[in-house]
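# Architecture at a glance
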Amino acid sequence: MSGQIYPSSRRPPPLYRLARALRRASVFVLVVLILFATTVVYSTVEIRQSPPRVGSFSVEFQSNGTIALTSNLTLSNPGFYPIQAFTLDVRVVNGTGVFLGAFGLGPTALEGAASNVYPIALYLPVSDTGPGASLLVDSQYLALSVWGNATFGYLFPAGLSIENSRHWGAPFSNLAYSVGNVTPNGTLPVTIAFQNAASFPDAGTLQLSVLSAAGIVCGGATWTVQVDPGQQFLQTQPVTLSPGCSPLGGKVTGDYVTPSFRVPLPSVAIP
């Protein structure tokens, strides 16, 4: 009596099993890559619809002889993936294209579905001869260039570029010194005129010196100023000259002085 015969099953060879596992893994990886690419594209679209915003600038003098322009940059990341290695560079030039100052930020990171506000602080040096002197006496438009670079979605480089202009109101707009004739008692009438076109008041003193053609100080005077934004200043004061010191061919120099800082003003030649 013969026993029942069962069909025997052969186990696939190792290479076949390996190939089948690789095919399944490749399908899984492909699905993951498609999902990743889809979410990256979606996140990129969302970020483009939420561009960075530069806020309004506030202005104030600093004790180190600079003008501080402070603002902020709001950066939103509504996507799924973080923005990494984010760096920011800001440059500002005056109305004639002369470079005034720069600011750098980063590198920093911003997680997905988050936003942050980054401070911007530009310290523009002011002197009576440098490019910053125009900020004191010339109202103008300042050109701001903002560049940013980052890595998005762990792999993809990204960048932003913002060109903007901001109106600058000079605190001593159209500053002018005018001198009269030397009087018999040895005084020289000096008139100061300007408009405060800035967003902050001029509150301090103007200390003026009258110099001869050889650079010798012939005399000086001090004006107390309290000029609110938009107001004019026009005053004349006699300057007592040193005996024998002629102002002809010289110049008038001035400084704006407060308890916290001293700012040199542009000088004016005396005809």
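Summary of the structure given here. No experiment lies behind these values; they were computed from the predicted model shown.

Definitions and limits used
Residues numbered from 1 in each chain as written. Predicted model: local features only at pLDDT ≥ 70, side-chain atom pairs only at ≥ 80, totals over all residues. Heavy atoms only, no water. Helix = DSSP H or I, 4+ residues; strand = E, 2+ residues; numbered from the N terminus. Buried < 20%, exposed > 50% of the residue type's maximum accessible area, 1.4 Å probe, protein only. 1 Å grid on protein atoms, 1.4 Å probe; cavity = no way out; pocket = protein on both sides within 12 Å on 5 of 7 lines; lining within 4 Å. Points joined across faces, edges and corners; volume = space filled by probe spheres on them. Contact = heavy atoms within 4.5 Å. Salt bridge = Lys/Arg side-chain N within 4 Å of Asp/Glu carboxyl O. Phe/Tyr/Trp six-rings, centres within 6.5 Å; stacked < 30°, edge-to-face > 60°.

On the secondary structure map, Ala25 appears in helix 1 (residues 14-48). With relative accessibility at 38%, the residue Ala25 sits in the partly exposed group. Residues Ala25 and Ala68, spaced 43 residues apart in sequence, show a C-alpha to C-alpha distance of 58 Å.

Here the focus is the layout of surface pockets. Empty space within the largest pocket amounts to approximately 470 Å³. Around the largest pocket, the lining comprises 22 residues; the ones closest to its centre are Ile47, Ile83, Ala158, Gly159 and Leu160. Broken down by secondary-structure element, the contributors of at least two residues to the lining of the largest pocket are helix 1, strand 3 (66-77), strand 4 (83-93), strand 7 (140-152) and strand 8 (156-168). Sorting elements by how many residues they give to the lining of the largest pocket places strand 8 first, with seven residues. Roughly 190 Å³ of internal volume is contained in the second largest pocket. Contributing to the lining of the second largest pocket are 13 residues, with Phe57, Val59, Leu69, His167 and Trp168 lying nearest its centre. Put simply, the parts of the chain that give the lining of the second largest pocket at least two residues each are strand 7 and strand 8.

Turning our attention to the side chain of Ser173. Note on placement: Ser173 falls in strand 9 (residues 173-179). Judged by its relative accessible area of 5%, Ser173 falls in the buried class. Once residues within four sequence positions are removed from consideration, Ser173 is found in contact with Leu136, Val137, Ser139, Phe194, Gln195 and Ala197.

With the rule as written, the count across this model stands at one salt bridge. Here Arg262 makes a salt bridge to Asp255, at a shortest N to O gap of 3.6 Å. Looking at Arg262, the relative accessible area reads 44%, which means it is partly exposed. Judged by relative accessible area, which is 21%, Asp255 ranks as partly exposed.

With that settled, consider the environment of Pro52. By the secondary structure assignment, Pro52 is in the loop between helix 1 and strand 1 (53-54). Those residues in contact with Pro52 that sit more than four places away from it in its chain are Leu73, Thr74, Leu75, Leu160 and Ile162.

With that settled, consider the packing of aromatic side chains. Considering all chains together, one arrives at nine aromatic pairs under this definition. A ring pair is formed by Phe86 and Tyr118, whose centres lie 5.7 Å apart and whose planes are at 45°; its orientation type is tilted. One end of the pair, Phe86, is in strand 4; the other, Tyr118, is in strand 6 (residues 114-125), with 32 residues separating them in the sequence. On the accessibility criterion, Phe86 (3% relative accessible area) is buried. Residue class for Tyr118 comes out buried when judged on its relative accessible area of 5%. By the ring-pair criterion, three or more aromatic residues cluster together here, those being Phe61, Phe172, Phe194, Phe200, Phe233, Tyr256 and Phe261.

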